[in-house]
Each structure stands twice: as structure tokens, then as C-alpha cells.
Amino acid sequence: MDVLEQFAHGDLDAFETLFRQHQGEVYGWIVRIVRDRGAAEDLTLETFWRLYRSRARFDPARSFGAWARRIATNAALDHLKRARPEVELLGEPPPQATPNPAIRAEMRTQVEAAFAKLPAKLRIVATLALVEQLSHQEIAEALGISTTAVRLRVFRALRLLRKTLKKSGMEP
Amino acid sequence: MSEHDEKIEELVRRTMAPVDTGLPRDLWPNMLRRMEERSAAVPWFDWALLAVLLAWFFFTPGAIPVFLFHM
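Residues numbered from 1 in each chain as written. Chains lettered and ligands numbered in written order. Predicted model: local features only at pLDDT ≥ 70, side-chain atom pairs only at ≥ 80, totals over all residues.

J.: An account of the nonpolar core is needed here, citing residue identities and associated values.
T.: Counting residues in hydrophobic clusters, the biggest one holds 50 residues, and the most contacted among them are A:Ile30, A:Val34, A:Ala76, A:Val125, A:Ala126, A:Ala129 and A:Ala157. Those elements that provide at least two residues to this core are α2 (12-34), α3 (37-53), α4 (64-82), α5 (101-116), α6 (120-131), α7 (136-143) and α8 (147-167) of chain A together with α1 (3-15) of chain B. In terms of residue count, α2(A) provides more of this core than any other element does, 10 residues in total. Residue-level mapping places this core at the junction of two domains, with at least three residues from each of domain 1 (3-82) and domain 2 (101-167) of chain A. With residues up to four places along the chain from it excluded, the contact list for A:Ala129 reads A:Leu134, A:His136, A:Ile139, A:Val150 and A:Val154. (Core = buried A, V, L, I, M, F, W, Y, C linked by C-beta atoms within 7 Å. Buried ≥ 20, exposed ≤ 12 C-beta atoms within 10 Å, placed from the backbone. Helix = DSSP H or I, 4+ residues; strand = E, 2+ residues; numbered from the N terminus. Domains from an automatic or database assignment. Contact = placed C-beta atoms within 7 Å.)

What follows is the structure in C-alpha cells.
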């Protein structure tokens with residue numbers, strides 16, 4: 001019996017093996033979406049708790065990684081729906097972005113604020129597509145939607161971002 | 001995609017950078033703690049059932065011996 005089958009039968013050692021194999025990947029995926037390291041750690045645990053609880057429904061013939069990514073995406077989406085807009089975003093802008101650091105910081109704050117105002121479903125897609133530069137196919141697989149739906153959500157997110165930025169006096 | 005959308009996309013790319021995705025530490029000890037906490041937690045449905053029973057006993061004390069008989 002391999003580790004996936006053992007896990008599906010509730011073996012804790014098999015779960016530990018899978019946890020250690022996939023925790024980095026799951027954390028990396030979540031932090032890309034929520035952009036908050038503390039929340040990403042907590043959501044990684046939540047994801048594995050959900051995986052452990054649903055182990056009996058897991059088909060060992062399928063990919064554990066893909067299943068984990070799907071559940072992680074849902075956990076991150078739940079978090080974004082609950083979270084207040086003023087989530088602290090991580091990452092530094094590239095140095096060549098704008099010559100004046102003050103203008104760059106102001107622009108960054110406004111773009112982050114506009115992002116935070118997006119509905120969770122659009123925000124998750126916009127973050128992965130526009131910031132993380134993932135392919136529409138990869139996003140579609142993680143969210144369990146079609147690539148057309150991803151394109152549509154990116155389009156809607158861009159329109160909303162434009163509207164919000166325009167309201168705050170920022171015309172790109 | 002319109003020219004405006006492309007400009008927004010460019011602006012987002014310039015102002016927001018991809019995050020560091022490296023896991024800072026092993027989370028397995030935290031996972032074990034969470035599993036213990038969650039396993040020990042009483043589901044809300046059990047609390048609701050207990051509340052219904054207590055309310056029933058409060059309003060109809062005569063039901064207590066009947067309940068105990070059927071336990």
C-alpha cells in the first residue's frame with residue numbers, strides 16, 4: 001500500500017509524510033494569493049486540516065498536489081472574503097518602477113487599496129494573473145473554472161481597478 | 001483588451017511585486033497542535049442538542065425520569 005492509500009485510510013504517518021512533502025508548495029500558493037505571511041501559515045494548516053478531514057473521499061489514483069492546491073485556493077478565497085480591505089501587502093516594487101520614491105510609494109498605496117476593494121473572486125484571479133503572472137490555464141485549474149472564466153474575471157477586475165483608481169484621482 | 005486595460009495591467013506590474021513564497025519554518029508541530037485542538041472541540045450541533053434538552057427539562061421536569069428510563 002503506498003503513502004496515498006495509507007493516507008486515505010487515515011494513517012497519521014502517511015499524512016505527516018504528505019504534509020512534509022507538500023507544505024512548502026501549499027504555503028507558496030497561498031501566500032501568492034493572500035500576500036500575508038502570517039495568514040498564509042494559518043491557511044496552510046487550515047488546508048491540511050481540511051485535507052485530513054476529507055481523506056476518506058480522496059482517490060489515491062489522483063494527484064495529491066492538485067487536490068491540495070484546489071482546497072488551498074478555497075481556504076484562501078474564504079480568507080479574502082472575511083478579511084477587511086486594509087490587508088498589508090508584501091513585496092517591494094521593482095527599483096526601476098518610477099524614479100521618485102515618494103510618487104512610487106503613493107502609487108503603490110493607491111493600487112493596493114484598489115486591489116483590496118475588489119471582490120474576493122476577482123481579486124484572487126487578478127493577483128495570480130497580473131501580479132504573479134501565472135498562466136490562465138494554471139489559474140483555471142486551481143480555481144476549478146474555465147480559462148474563459150479566468151479571462152472574463154481578469155477583464156472585470158481591470159475595469160473595476162480602473163474605475164477605483166480614476167475615483168482616487170489616478171489616471172494611468 | 002483595450003489600451004486603458006493594458007495601462008492598468010502595466011501599472012499593477014510596476015507597483016506590486018511577486019511575494020517571497022519560501023516557507024520560513026516547518027509547520028508540522030503546529031499542525032499536530034491544531035489537530036489536537038480540533039479533535040477535542042465539541043461540534044456546535046452537540047451544544048444545540050444539549051440546550052434543547054435542558055430547555056425541555058426546565059419546562060417539563062416530569063420528562064426527566066422518562067428520559068432517564070429510555071437512556
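Alright, that's what it looks like, and here's the rest.
J.: So what's going on with the domain arrangement of chain A? Which residues, and what values?
T.: Residue and element names in this part refer to chain A. Here chain A is partitioned into domain 1 (3-82) and domain 2 (101-167). Each of domain 1 and domain 2 was reduced to a C-alpha centroid, and the two centroids are 24 Å apart. In this complex, domain 1 contributes 9 residues to the contact, which on the side of domain 2 involves 9 residues. Among the secondary structure elements, those contributing two or more residues to the side of domain 1 that touches domain 2 are α2 and α4. Considering every element that reaches the side of domain 1 that touches domain 2, the biggest residue donor is α4, with 7 residues. Class assignment for the residues of the side of domain 1 that touches domain 2 results in 4 nonpolar, 1 polar and 4 charged. (Nonpolar A, V, L, I, M, F, W, Y, C, P; charged D, E, K, R; others polar.)

J.: Got a sec to walk through the packing of α3(A) against α4(A)? Specific residues and values, please.
T.: Residue and element names in this part refer to chain A. With their axes 9 Å apart at the nearest point, α3 and α4 run at an angle of 125° to one another. As summarised for this structure, α3 and α4 are arranged oblique, according to the angle between their axes. The crossing of α3 and α4 is right-handed. The residues of α4 that touch α3, namely those facing Ala39, Leu43, Glu46, Thr47, Arg50 and Leu51, are Ala68, Ile71, Ala72, Ala75, Ala76 and His79. Looking at the contact of α3 with α4, its residues break down into 8 nonpolar, 2 polar and 2 charged. (Axes fitted to C-alpha atoms, helices over the stretch in contact; angles between N-to-C directions. Parallel < 35°, antiparallel > 145°, perpendicular 65-115°, else oblique. Left-handed = near helix turned anticlockwise from the far one by under 90°.)

J.: Now, about the environment of B:Ala55: what can you tell me, with residues and values included?
T.: Along the chain, B:Ala55 falls in helix α3 (residues 44-59). The spatial distance from the C-alpha of B:Ala55 to the C-alpha of B:Phe45 is 15 Å, given a sequence separation of 10 residues.

J.: Report on the interface of chain A and chain B, specifying residues and quantitative values.
T.: With 33 residues of chain A at the contact, the number on the chain B side is 23 residues. Breaking the side of chain A that touches chain B down by element, the ones donating at least two residues are α2, α3, α5, α6 and α8 of chain A. For the side of chain A that touches chain B, the leading source of residues is α2(A), giving 9 residues. Here the side of chain A that touches chain B is built from residues that sort into 18 nonpolar, 5 polar and 10 charged.

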